[in-house]
Amino acid sequence: AFPESTINDLAEAVGINGISIRHHLTALKADDLVTSSEQRHGVGRPRLIYSLTDKGIEEFPSSYLRLTQRLIDALGERMSKTEIETIFAEIGTYIATQYADELDGKSTEDRLRLLKSILTKEGFIIEWEKNESGYTLTSLSCPYLRIGLDHPEICALDHTMIESILAAPVEIEACILDNDERCIYHIPIGNEA
């Protein structure tokens, strides 16, 4: 059908009746795959217009991974690994700058809480804890794994983003791309609360 569709649009496109379409839409809305909004069309009750949510769009088969891999391969034919790493670091800095207002005047632990939220949205499974020498940030997943196996320079993205958000140096102690069970970052900040 269309990016924004009525029940009648969908029924016509799929070839089933409106009652069945409504039943499917209810299930899709419950799973946060579809959203609806009211649209006025003259006199009478407004009609509902349905569209995919971001989560719904991601459910469709896509070639994002292949495209990303091809782009990085193409960059690799023209640039050194250091230059590609610099590009990823710049992306990490860019992501961090989007949160500059929220970070202003925040303590390290407030920054760590925000960082956990940001990294979770990016696809990491994150935990952090305070210890005698600073903080340890642990990720049990790597959303870039399938790309990172061929291009480990992608680690510069999250490393730089973490340093930028925490405004502190970060040491990588373990990395999933090095066959470790998890990524572990150490932030030697002392005893700031």
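What counts, and at which threshold
Residues numbered from 1 in each chain as written. Predicted model: local features only at pLDDT ≥ 70, side-chain atom pairs only at ≥ 80, totals over all residues. Heavy atoms only, no water. Phe/Tyr/Trp six-rings, centres within 6.5 Å; stacked < 30°, edge-to-face > 60°. Buried < 20%, exposed > 50% of the residue type's maximum accessible area, 1.4 Å probe, protein only. Helix = DSSP H or I, 4+ residues; strand = E, 2+ residues; numbered from the N terminus. Pairing = 2+ DSSP bridges.

1. A few points about the packing of aromatic side chains
Phase 1: Tallied over the full model, the rule gives two aromatic pairs.
Phase 2: With a centroid separation of 5.9 Å and an interplanar angle of 65°, the aromatic rings of W128 and Y135 are classed as edge-to-face.
Phase 3: Given a relative accessible area of 21%, W128 falls into the partly exposed group.
Phase 4: A relative accessible area of 0% places Y135 in the buried class.

2. Focus: the pairing of strand β4 (residues 134–139)
Phase 1: Of all the six residues making up β4, six are buried; the element is thus mostly covered by neighbouring parts of the structure.
Phase 2: Pairing analysis gives six bridges linking strand β3 (residues 126–131) to β4, with the strands arranged antiparallel. If you follow I126 over to β4, its bridge partner there is S139.
Phase 3: Between the end of β3 and the start of β4, which pair antiparallel, lie two residues.
Phase 4: As paired elements, β4 and strand β6 (residues 183–187) share five bridges and run antiparallel to each other. Paired with S139 across the two strands is C183, which belongs to β6.

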